[in-house]
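Structural features, examined
What follows is the residue order along each chain.
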Amino acid sequence: MVRRVDLTGADGVRLAAWEFAEPPKGPGAADDSGAAPAPGVLLLHGLMGRAGHWATTARWLAERFRAVALDQRGHGHSEKPADGRYTREAYVEDAAAAIEHLGLAPVTLIGHSMGALTAWQLAAHRPELVRSLVISDMRASALGAASQREWQNWFRTWPVPFATLADVRKWFGEDDPRVERPNPARGAFFAEVMAESSDGWRPVFSPGQMLAARETWVHDAHWDSLAQVACPTLIVRGLDGELGRAEAQEMVRVLPQGRYAEVPDAGHYLHYDQPDAWRAAIEPFLTETAGLG
């Protein structure tokens, strides 16, 4: 069972969150049923993603946790204001609003890519809200202006509109110049962020808004905020992802309570590429830090 929860983020932006299954109960302090609520987990997707990308992860989490995935502003079913703020502060404030609205604190944050940056910035600035943190394939170093230009040029290569979802899967999984070898999981990932229109299939997000969001973090390094994360934190990288081993291990060193895990045969979308190996990499950490072991 998946339940949609509507809430309000920063600047009054309307956000959609998705709770997977009924919140299970676990041993602990008594409530009306004699059991305590299960520990909360908030899942934050990356740039261009959506809450649904976490469905496989959220379903196994829901066996022991209260698992909620957020459509971040500009993404999925959340509001996409043309003149809205797509800043680091806005994304962090939205995540905090979701935690408070849903009563998830202290929460475990699981973030992928941009969502991981949001997660660790929230953990740094609002430590009382966060129990533990999983950072999935996100770099702390600055990527620079050249990277932003590459993304601008990449969006221009998209053959939009796509005639069918099969064309979406093929282009992003095989034909996209950024793909080094066929990657069906990547094609499936992008098929989930397309919607049918009168002339074909188009992304549910505005590429311009995605670039605006990226512009607010791509030029800066984020080591200072990472070092302020006091809670237990697991850095996870796909061996073929965007976060290199040396940088990942330096991130672990900078973190007061950092740990490290790898997912073999996975690229940037590691929870999509290798869902079983992803689960094996993070589940022991989640179990320990939530006191469920």
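Summary of the structure given here. (Residues numbered from 1 in each chain as written. Predicted model: local features only at pLDDT ≥ 70, side-chain atom pairs only at ≥ 80, totals over all residues. Heavy atoms only, no water.)

A side chain with one charge may pair with a side chain of the opposite charge, provided their charged atoms come close. Counting across every chain of the model gives 22 salt bridges. In this structure, Glu-128 engages Arg-126 in a salt bridge whose closest nitrogen and oxygen atoms are separated by 2.5 Å. Arg-126 gets classed as partly exposed once you look at its relative accessible area, which sits at 27%. One salt bridge connects Glu-247 with Arg-139, and the closest N-O pair in it is separated by 2.9 Å. A residue pair is termed long-range when its members are at least 10 positions apart, and Glu-247 in helix α9 (residues 245-254) and Arg-139 in the loop between β8 (130-136) and α4 (145-157) qualify at 108 residues. For Glu-247, a relative accessible area of 14% gives the class buried. One salt-bridge network, in which partners are shared between bridges, spans Asp-11, Arg-73, Arg-85, Glu-93 and Asp-94. (Salt bridge = Lys/Arg side-chain N within 4 Å of Asp/Glu carboxyl O. Buried < 20%, exposed > 50% of the residue type's maximum accessible area, 1.4 Å probe, protein only. Helix = DSSP H or I, 4+ residues; strand = E, 2+ residues; numbered from the N terminus.)

Attention now moves to the sheet that holds strand β6 (residues 66-71). Reading across from one edge, β1-β2-β6-β5-β7-β8-β11-β12 is the order of the eight strands in this open sheet, with mixed pairing throughout. Among the strands making up the open sheet, the edge pair consists of β1 (2-8) and β12 (258-263). Looking at each pair of strands side by side, their axes are set apart by 20° on average, direction ignored. Relative to strand β11 (residues 233-238), β8 runs parallel, the two sharing four bridges. What sits directly across from Leu-133, in β11, is Thr-233. Across the sheet, α9 is in contact with β8, β11 and β12; its angle to β12 comes to roughly 155°. The strands that helix α11 (residues 275-289) touches are β7 (107-112), β8, β11 and β12; relative to β8, the one it contacts most, it runs at about 165°. (Pairing = 2+ DSSP bridges. Axes fitted to C-alpha atoms, helices over the stretch in contact; angles between N-to-C directions. Contact = heavy atoms within 4.5 Å.)

Take the pairing of β7 next. Summarising burial for β7: six of the six residues are buried, a large majority. Side chains Val-107, Leu-109 and Gly-111 project from β7 onto one buried face, and the interleaved Thr-108, Ile-110 and His-112 project onto a second face that is buried too. One ladder, built from four bridges, connects strand β5 (residues 40-44) with β7; its direction is parallel. Each bridged residue has a counterpart across the sheet, and for Leu-42 the counterpart in β7 is Leu-109. Relative to β8, β7 is paired through six bridges, and the arrangement is parallel.

What follows deals with unusual backbone geometry. Look at the link from Ala-105 to Pro-106: it is a cis peptide, with omega at -10°. Mapped onto the elements, Pro-106 comes out in the loop between α2 (88-102) and β7. At the junction of Val-160 and Pro-161, the peptide bond is cis and its omega measures out at 0° in the coordinates. As for its placement among the helices and strands, Pro-161 is situated in the loop between α4 and α5 (165-175). Phi at Asp-137 takes a positive value of approximately 50°, unusual for a residue other than glycine. Of note, Asp-137 is situated in the loop between β8 and α4. Taking the relative accessible area as the measure of exposure, Asp-137 reaches 2% and is therefore buried.

Take the side chain of Arg-237 next. Structurally, Arg-237 is set in strand β11. The exposure class of Arg-237 is buried, given its relative accessible area of 5%. A distance of 2.7 Å separates the side chain of Arg-237 from the backbone oxygen of Leu-243, its partner in a polar contact. A distance of 3.2 Å separates polar atoms of two side chains, one belonging to Arg-237 and the other to Glu-262. Not counting the four nearest positions on each side in its chain, Arg-237 is found in contact with Asp-137, Leu-243, Gly-244, Arg-245, Ala-248, Tyr-260, Ala-261, Glu-262, Val-263 and Leu-270. (Polar contact = N/O pair within 3.5 Å; in protein donor to acceptor, adjacent residues only side chain to side chain.)

Purely geometric stuff here, so don't read any function into it on its own.
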